[in-house]
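The residues making up each chain are set out below.
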Amino acid sequence: MTSDNNSISRKTKLEDKDYKWGFTTDVETEVVPKGLSEEIINIISSKKSEPKWLLDWRLKAYKHWLAQDKKEGEPEWAMVDYPDINYQDIHYYAAPNLSDAPKSLEDVDPEMLEAFEKLGIPLEERAQLAGVAVDAVFDSVSVATTYEKQLKELGIIFCSFSEAVKNHPDLIEKYLGSVVPYSDNYFANLNSAVFSDGSFIYVPPGVRCPIELMTYFRINTADTGQFERTLIVADKDSYVSYLEGCTAPIRKSSQLHAAVVELVALENAEIKYSTLQNWYPGTKEGVGGVYNFVTKRGKCLGKGSKISWTQVETGSAITWKYPSVILQGDDSVGEFYSVALTNNRQQADTGTKMIHIGKNTRSNIVAKGISAGEGNNTYRGQVKVLPSAENAQNFTQCDSLLIGDKCGAHTVPYIEVKNPSAKLEHEASTSKVSDDQLFYLMQRGLDEEEAHHMIITGWSKEVFKELPFEFAVEAGQLLKVSLEGAVG
Amino acid sequence: MDNKILEIKNLKALVSETGEEILSGIDLEIGDGETHVIMGPNGGGKSTLVNVIAGRDSYEVSSGSIKFKSKNLLNMNIDERSREGIFLAFQYPSEIPGVRPWQFMKAAVDAKRKANGDPELSVREFSKIYDDNLKKININSDLMKRSLNEGFSGGEKKRNEVFQMMMLEPNLALLDETDSGLDVDALKAVGDAVNNLRDSKRSFLIVTHYQRLLDHIKPDFVHILINGKIAESGNSDLVKKIENDGYESFA
Ligand SMILES: Nc1ncnc2c1ncn2[C@@H]1O[C@H](COP(=O)(O)OP(=O)(O)OP(=O)(O)O)[C@@H](O)[C@H]1O
Ligand SMILES: [Mg+2]
């Protein structure tokens, strides 16, 4: 029809706007030579003035990693393809060149602040207005932390991982590796040996953290593998909500990101962990882009505890990620809400694991996958009910939405039940954005892109409503930006 | 002056997928402020005609022309036509999961205002107009807390279409069997809504099967569409003829 001309010109226009967050900053960076060896690990550990036990732990992890066969260790079973990773061709440590850690925002390198501005994170204003404390991770070292004082009064510890190693070594020694052991999987293993920095949170008994805690990760130095390490411990009867948001600038060669996140919830504690992931997905042809191989796991250690993962994933060339919950305490609850979008040549293999150990444990999974272009989206979910888990319950819902006819969606549930009292329910659906729906919205004056966007965010609502409000708005924007060029 | 808001000349349209011709040479002119009614047997092409006017691309215009406010409508996208002032009340409105009617209408009203160079309405300004119109058409505001059209009854969907028309204040409203499936109160509410909107700047093209709608809305012209062609045009008297003799006498 005659409208074809219009949609073509709109499409060209959209392509100019591709990845608007593609820029790099020229902050001087202190880089350790490429490659991985005991020596490099010694350097990393000593640069951070770590205690001996931690260096030993790193070295133990390194030896275990070395002993693994690379081909067996990497997750070949996942439905993702990527070129061979040369682990000797990666910088394992990069720190912004600041002789002293900044004491306040005034001490922060202006260029670095500008980079945050471009990302839409004006630390000094928006974050405070929104009541958000930001522990901003620039490459590998935390550069600024706000709200620290207010949190201190409540006894909440929110700091960089390195600071926590210095100031709260007992907590770190007690919980590091208690949820994800160093030997867990190839990438978690590598992380344990070389992790750079990340966030640490401890919420004392009976304290409800009054603000959303938040970290922005940003991969900046060329070819710097990012090995973040995050640990959150919620003590008895406490509550904390944590937001993690990411964007990365355009880089030519692919970048490896192998983070580890451990959550520990003690009796009646609740941890809500929300992620917005928007790393560089590579060009339309599939060149470049971030490899996101991350291990996220929570342990409901105490009776009646609860851990929720909520994630909106739009970025990275390859995502391999299964936020999980070990339901050890009786009556504990694990939740997983996810929207994963793949466009062009992006590949995502994500899902969750719920491991029921305690009695009356419940888990709830809502996984939504949106595939556009030639994107490939796989949901892989495991629900495991151990013999001890009397009366365990799981509800799983997997929905796929296809945009166009070159994309794919796959659902792979693994279910293992060793206690007959378990109740498991599984629902799955695959749908397409219908022409009728599009016509309806466009007849009311919305352009094609906006109409798609409205249908898709509506479809994702069950997950979005789990996000804190400002984050939900941002998540909607992210979906919009990520789908540009996919419709029309 | 006698201005035509819509001028259709020798319009032929096919189903894009199959090439099957549905509209076989339609001529129709609607003047500013006029109300036209189209009647005709099932499958005659009434819905196709209003969908083609709205720009639905499952149909292809094979010949002829449509002008709206003297502009060539066939060069415009669906959404452009809408923002120019064309509104279609659907025979079967779509359900959009997760999308709130309020959010949808705000986006639609803002899109139109933006195209006209007007600033977006503030939430407060918009909400006032929204609530007023809901009251006028007598829609329970609890209904509007659901997803758009999801779980709405047939009549509720139709009322919601009329509500949207009131919100968007089009210059040409195409109502496709908006009166079907309505109870007597709803029928009156729809009739009132249309009559309230009738003025010298707004025209209506109303597709219906029932004379009873015409007890509420007095049309200026009535057309009979059979087999993709307008078989006869006239005034309200034509409706009586249909009631008495059926469509066969026109074929
Ligand atoms: N998208 C389509 N694909 C195939 N055939 C179609 C399509 N749209 C309409 N038709 C056919 O065109 C003819 C006219 O349909 P249309 O819906 O316009 O009739 P109508 O006059 O509105 O009928 P009704 O009074 O039943 O609503 C019918 O035979 C219908 O099956
Ligand atoms: Mg019809």
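Residues numbered from 1 in each chain as written. Chains lettered and ligands numbered in written order. Predicted model: local features only at pLDDT ≥ 70, side-chain atom pairs only at ≥ 80, totals over all residues. Heavy atoms only, no water.

## Observations regarding the sheet that holds strand β10 (residues 229-234) of chain B
All names here are of chain B.
For step 1, the next point in the chain: Strands sit in the order β6-β7-β8-β3-β9-β10 across an open sheet of 6 strands; the sheet is mixed. Edge positions in the sheet fall to β6 (86-89) and β10, since each has one partner strand and no second. Here the strands of the sheet are splayed against their neighbours by 20° on average, with no regard to which way each runs.
For step 2, the next point in the chain: Strand direction decides the pairing type here: strand β3 (residues 35-39) and strand β9 (residues 221-226), joined by 4 bridges, are parallel. Of the residues in β9, the one forming a bridge with H36 is F221. (Pairing = 2+ DSSP bridges. Helix = DSSP H or I, 4+ residues; strand = E, 2+ residues; numbered from the N terminus. Axes fitted to C-alpha atoms, helices over the stretch in contact; angles between N-to-C directions.)

## A word on the interface of chain B and chain A
Often, the extent of an interface is quoted as the loss of accessible area upon association of its parts.
For step 1, the next point in the chain: Each partner contributes residues to the interface: chain B has 37 residues there, and chain A has 23 residues.
For step 2, the next point in the chain: Carbon and sulfur atoms make up 59% of the area that chain B and chain A hide from each other, which totals about 2,600 Å².
For step 3, the next point in the chain: The tally of links between chain B and chain A comes to 2 salt bridges.
For step 4, the next point in the chain: Note that A:R444 is salt-bridged to B:E161, the shortest N-O span being 2.6 Å. (Contact = heavy atoms within 4.5 Å. Buried area = accessible area lost by both parts, 1.4 Å probe. Salt bridge = Lys/Arg side-chain N within 4 Å of Asp/Glu carboxyl O.)

## Focus on empty space enclosed by the protein
Residues and elements named next belong to chain A.
For step 1, the next point in the chain: Applying the stated rule across the entire model yields 8 cavities of 30 Å³ or more.
For step 2, the next point in the chain: Approximately 120 Å³ is the volume found for the largest cavity.
For step 3, the next point in the chain: Counting residues per element, the ones that place at least two in the lining of the largest cavity are β17 (333-342), β18 (347-356), β19 (362-372), β20 (376-385), β21 (393-403) and β22 (408-417).
For step 4, the next point in the chain: Along the lines of polarity and charge, the residues of the lining of the largest cavity split into 6 nonpolar, 9 polar and 2 charged. (1 Å grid on protein atoms, 1.4 Å probe; cavity = no way out; pocket = protein on both sides within 12 Å on 5 of 7 lines; lining within 4 Å. Points joined across faces, edges and corners; volume = space filled by probe spheres on them. Nonpolar A, V, L, I, M, F, W, Y, C, P; charged D, E, K, R; others polar.)

## Let's talk about the packing of aromatic side chains
For step 1, the next point in the chain: Considering all chains together, one arrives at 17 aromatic pairs over all chains under this definition.
For step 2, the next point in the chain: An angle of 80° between the planes, with centres 5.3 Å apart, marks the rings of A:W65 and A:Y87 as edge-to-face. In this pair, A:W65 is assigned in helix α3 (residues 52-67) and A:Y87 in the loop between α4 (70-73) and β2 (94-96), connecting sequence segments 22 residues apart. For the pair shown, A:W65 and A:Y87 are each scored as buried.
For step 3, the next point in the chain: Taken together, a centroid distance of 5.3 Å and an interplanar angle of 90° make the contact between B:W102 and B:F126 edge-to-face. Of this pair, B:W102 sits in helix α3 (residues 101-115) while B:F126 is found in helix α4 (residues 123-137), placing the two residues 24 residues apart along the sequence.
For step 4, the next point in the chain: Given the relative accessible area of 29%, B:W102 is considered partly exposed. (Phe/Tyr/Trp six-rings, centres within 6.5 Å; stacked < 30°, edge-to-face > 60°. Buried < 20%, exposed > 50% of the residue type's maximum accessible area, 1.4 Å probe, protein only.)

## Describing the coordination of the magnesium ion (ligand 2)
For step 1, the next point in the chain: For the magnesium ion (ligand 2), the protein coordination sphere consists of B:S47 (OG) and B:Q91 (OE1), at 2.0 to 2.4 Å. Of this pair, B:S47 sits in helix α1 (residues 46-54) while B:Q91 sits in the loop between β6 and α3, placing them 44 residues apart in sequence. (Donors = N, O, S within 2.8 Å, 3.2 Å for Na, K, Ca; no water.)

## So, the site of ligand 1
Residue and element names in this part refer to chain B.
For step 1, the next point in the chain: Taken together, 14 residues are adjacent to ligand 1, and G43, K46, S47, T48 and Y59 come closest.
For step 2, the next point in the chain: Within the side chain of T48, one N or O atom sits 2.5 Å away from an oxygen atom of ligand 1.
For step 3, the next point in the chain: Coverage of ligand 1 by the protein amounts to 65% of the 630 Å² it exposes when considered alone.
For step 4, the next point in the chain: Among the elements that take part in the shell around ligand 1, α1 stands out by supplying 3 residues, more than any other. (Near = heavy atom within 4 Å. Polar contact = N/O pair within 3.5 Å; in protein donor to acceptor, adjacent residues only side chain to side chain. Areas by Shrake-Rupley, 256 points an atom, 1.4 Å probe, with all protein chains shown as cover.)

## With respect to the sheet that holds strand β1 (residues 4-15) of chain B
Residues and elements named next belong to chain B.
For step 1, the next point in the chain: Ordered in space as β2-β1-β4-β5, the 4 strands form an open sheet in which the pairing is antiparallel. The sheet is open, and its two edges are formed by β2 (21-31) and β5 (71-72), each paired on a single side.
For step 2, the next point in the chain: For β1 and β2, the ladder comprises 8 bridges, and the chain directions are antiparallel. Across the sheet, L11 pairs through a bridge with I26, a residue of β2.

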